[in-house]
Amino acid sequence: MVKRCVSCFIFSLILLFFSCKHNKQPCSLQSVSKKTNKIEVKVDPNVELMMIIGRLAGAVPYNFINQKAVQYINEIDTYFEHYKLEPVIESTKKNNLNYGSLPEFGMYMNKDISGFILDLNNKNFKIQGRNDIPAKKIGYYASNQYLDEIRDFKVKSNFDKFFENHRNLYEVMIEDIVTILIESEFNKWLETFYGYKIKENKCVYVSFLTGGGNFGLSIYNSKGTPIPHIVVYAGETKNMYLYLISHEFLHPCTLKMCEELYQNEKIQNIFNNLLFKNSSMYISHGYSSGFALLNETITQACANKFLERQLPESTMNLLVEKEIVEYQQFIYVPQIASYFDDYIINRKKYKTLNEFIPKLEEYIEDL
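Residues numbered from 1 in each chain as written. Predicted model: local features only at pLDDT ≥ 70, side-chain atom pairs only at ≥ 80, totals over all residues. Heavy atoms only, no water.

Glancing now at the pattern of salt bridges. Following the criterion strictly, the structure yields 15 salt bridges and no others. The shortest N-O distance in the salt bridge between Glu191 and Lys202 comes to 4.0 Å. Linking Glu191 in helix 10 (residues 186–194) with Lys202 in strand 5 (residues 202–207), this pair joins segments that are 11 residues apart in sequence. The same class applies to Glu191 as to Lys202, namely buried. Here Asp341 and Lys305 are joined by a salt bridge, their closest N and O atoms 2.7 Å apart. Linking Asp341 in helix 16 (residues 333–345) with Lys305 in helix 14 (residues 290–310), this pair joins segments that are 36 residues apart in sequence. The structure contains a network of salt bridges with shared partners spanning Lys38, Glu191 and Lys202. (Salt bridge = Lys/Arg side-chain N within 4 Å of Asp/Glu carboxyl O. Helix = DSSP H or I, 4+ residues; strand = E, 2+ residues; numbered from the N terminus. Buried < 20%, exposed > 50% of the residue type's maximum accessible area, 1.4 Å probe, protein only.)

For the rest of this paragraph, the subject is the environment of Gln128. Locating Gln128 in the fold gives a position in the loop between strand 3 (126–127) and strand 4 (133–134). On the basis of relative accessibility, which here comes to 19%, the residue Gln128 falls in the buried class. For the pair formed by Gln128 and Ser101, sequence separation is 27 residues and the distance between their alpha carbons is 8.4 Å. With residues up to four places along the chain from it excluded, the contact list for Gln128 reads Glu104, Gly216, Leu217, Ser218 and Leu255. (Contact = heavy atoms within 4.5 Å.)

Next up on the list: the nonpolar core. Side chains of nonpolar character tend, in soluble globular proteins, to be buried together. Of all hydrophobic cores here, the largest spans 121 residues; its most connected members are Phe105, Tyr141, Ile150, Phe186 and Ile298. When residues of this core are assigned to their parent elements, the largest contribution, 11 residues, is made by helix 11 (residues 238–261). When sequence neighbours within four positions are dropped, the list of residues in contact with Ile150 reads Leu49, Met50, Ile53, Val88, Phe105, Met109 and Ile113. (Core = buried A, V, L, I, M, F, W, Y, C linked by side-chain atoms within 4.5 Å.)

Quick look at the structure:
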C-alpha cells in the first residue's frame, strides 16, 4: 500500500510537470516571505517578474545603469538577454507601464497568472496607479492578452528556475528588514499615530530592480479596504531602511487626507507656486504637480514623527537639512512635522489623524 501511494505521488508530479510545460502554464512559485507584527516582508515571484519585464522594456526606473555593480542585476541582464523581443515587452511599452504600475499589476495577479486575486467585475478592484480607475476599464487588465504574454514569457525564459536559484539571496534580503521592523515596533507606532488598525497584513516587497526607487501603493481587497503595500530597494543601511519604510507605508495612509487638503485653493496655490519655482528639479525627481508636492510633504512630515523616535537628534537634523530640504526641496516638511506635535500632545481631543485635518488645514494656509 505504501509503495502504491509513493508511485501515485511521483506520477502526479510527472503529470504536473508535463502539464505546465506543454500547456505553457507556469507552475505556481511560492513567495519568499516572513511575517512580523501584521507586516509581511517578501520577495514575490509575480512582482519580481513584472519588474524584470519592466527592465527589459526600458521602463523607468527599472532601466538604470548598474553603477553599484549589484551582482543580482548583472545576472538578470545576462539570463534574460535573449527575451527582449518577446510580445510582452512591446505590450509593456505600448501601455506605458512604469514606476509603481508594474509591481502593482504583479500584486494583483494570481499565482498561476490566469487572472487576478479580485474578480474583474468587482467595483472595488481599482488601480491606484491610474487614479483609482476600475481595473475593468483599463485595457491591459480587462483583456487576457497581456496575461497570456506574461505567462508565455515566464515559461520561455524559465523564470521559475532563475527565481529558485536566488531563493537564498531573497531570504537574506528579507531578514534585514524583518529585524528592523521588530526592533522599531513600526506597526505599533503606525496604528497608534493614525488611530486605527488594519486587520489584513501590510506588505513590504524588497528588490534590487528599482535602482533605488521606492513605491507606496494601496492594494484593495474585495470589500474595498486599501491595504498598504510598499516596494523598497534592497541592500540599504538600517537608517535608510527606517526612512524608506516609514515614508512609503505612510503614502497610502495620507493619500485621502492630502486629497481633502488639496481642495483648498490657498493650499493649491502654495504648492503650485512651489512647483513653479523649482519645476525642473521636481520633475527630474518624478513630481509633476502641486498635489504631488503636497502629498510628499505631508507624508514625510508624518514619517518624521516616527524617525524622531528612532534616530539620534544629530542624524535626524542632518536627514532633514540635506535629504529632505536641500536635496528634495520639501521646504515645508520641518514646519508641518513640528505642528504634528500638537496632534500628539492632544490625543484625547483627536482620536485619529483625520480628526486633526481641519486644524492642519488652517496651519498650512498660513505657511
